[in-house]
Amino acid sequence: MREHFCGDVHAGIAFTPEDEIAAYRTMLTIRRFEEKAGQLYALGSVAGPCLLAIGREAAIVGMEMAAGASDLFITGPRCHGHLLARGTEPRRIMAELLGLESGLAGGEGGSVRMLDRERRFYGGHPPGGCHVPLAAGLALAARYRGSDAVTLCSIGDAVATTGQTHETLRLARDLSLPVLFIIDNHAAFGASPGEPVPSLKTIGEQFGIPGESTDGIDVRRVRAAGRKAIATVRTSRAPMILALMTYRYRGH
């Protein structure tokens, strides 16, 4: 079941030919990387968990295309795709998965603990949801330094209903923090595409935080909705929620 999407969110979704090629190339890179990572995990070459983003390529790439050069990104443990979309060298990500010293964390972080400060990507944080309060800290630090950066915090629908997420939403409202909470709606492992899902764009209403939703499988719509949401947060210097209707085709 799909949510009703407001038409004004999708104004200006058209891509230029260059945008089409860039989006396709990055989404395909993510898909092929994750397929190889899954294969290596099955062969026993990857120690620890290996959380894949297959099915979420459009959601990841669309938001990266919408983000500004100074904007910050933080995610939970499922982070390979975000790093690839941010421009991190695939060899360094794969080296980390394989436990090599040339990896992003010297081979000690594995699949779920990766960051790339040069590209303003701050993890990669297990267990699920512990990065949400960190997003508030990043936004507070950016404001303290006089930056107009928006912090993009990607979370899954299961994490969106936890206490630490609600506490962070309240804190972000009280401190007027420039955070965009991006919820992958219906991405929980084990969920069926035919099951009804909650309207997570409204999860912030009790805190006075507005929300929108869009089709997370359509990269054009994601970019359009992302641009509008990021511009709103950057102007208002207040939090917002964007729910992306998507689905993970591979689990842990």
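Shown above is the structure to which this text applies.
Residues numbered from 1 in each chain as written. Predicted model: local features only at pLDDT ≥ 70, side-chain atom pairs only at ≥ 80, totals over all residues. Heavy atoms only, no water.

(A) Spotlight on unusual backbone geometry. Note the cis peptide between G123 and G124, where omega equals 15°. Relative to the assigned elements, G124 resides in the loop between α4 (90-97) and α5 (131-144). A positive phi angle, close to 50°, is found at S176, a residue other than glycine. Taking the relative accessible area as the measure of exposure, S176 reaches 35% and is therefore partly exposed. Not every positive phi belongs to a glycine, and R237 is a case in point at roughly 55°. You can see R237 is positioned in the loop between α7 (219-236) and β5 (240-245). (Helix = DSSP H or I, 4+ residues; strand = E, 2+ residues; numbered from the N terminus. Buried < 20%, exposed > 50% of the residue type's maximum accessible area, 1.4 Å probe, protein only.)

(B) Inspection of helix α6 (residues 163-175) at higher detail. Between its first and last C-alpha atoms α6 spans 18 Å; for 13 residues at 1.5 Å apiece the expected length is 18 Å, and the two agree. Buried within α6 are the following residues: T165, T168, L169 and A172. End-on, the buried residues of α6 take up no more than an arc of 105°, which puts them together on one face. The inward-facing, buried residues of α6 contact α5, β2 (151-156), β3 (179-185) and β5. Just beyond α6, the residue with positive phi is S176, at close to 50°. (Expected span 1.5 Å × (residues − 1). Arc of directions from axis to C-beta. Contact = heavy atoms within 4.5 Å.)

(C) Summary view of the sheet that holds β5. Taking strand neighbours across the sheet as the criterion, the 5 strands line up as β1-β2-β3-β5-β4 in an open arrangement whose pairing is parallel. The sheet terminates laterally at β1 (72-74) and β4 (211-215), the two strands that pair on one side only. Adjacent strand axes in the sheet meet at a mean angle of 20° when their direction is disregarded. Direction of pairing for β1 relative to β2: parallel, over a ladder of 3 bridges. Each residue of the ladder has a partner; that of L72, found in β2, is T151. Here α7 sits on the sheet and contacts β2, β3, β4 and β5; the angle it forms with β5, its principal contact strand, is near 170°. (Pairing = 2+ DSSP bridges. Axes fitted to C-alpha atoms, helices over the stretch in contact; angles between N-to-C directions.)

(D) Here's a closer look at the pattern of salt bridges. This model, assessed by the stated rule, comprises 13 salt bridges. Residue R119 is joined to D116 by a salt bridge in which the shortest nitrogen-to-oxygen separation is 3.1 Å. Taking relative accessible area as the criterion, R119 reaches 24% and is therefore assigned partly exposed. Overall, D116 belongs to the buried group, its relative accessible area being 5%. Between D218 and R221 there is a salt bridge, and its shortest N-O distance comes to 3.4 Å. A network of salt bridges, in which partner residues are shared, links E20, D218, R220 and R221. (Salt bridge = Lys/Arg side-chain N within 4 Å of Asp/Glu carboxyl O.)

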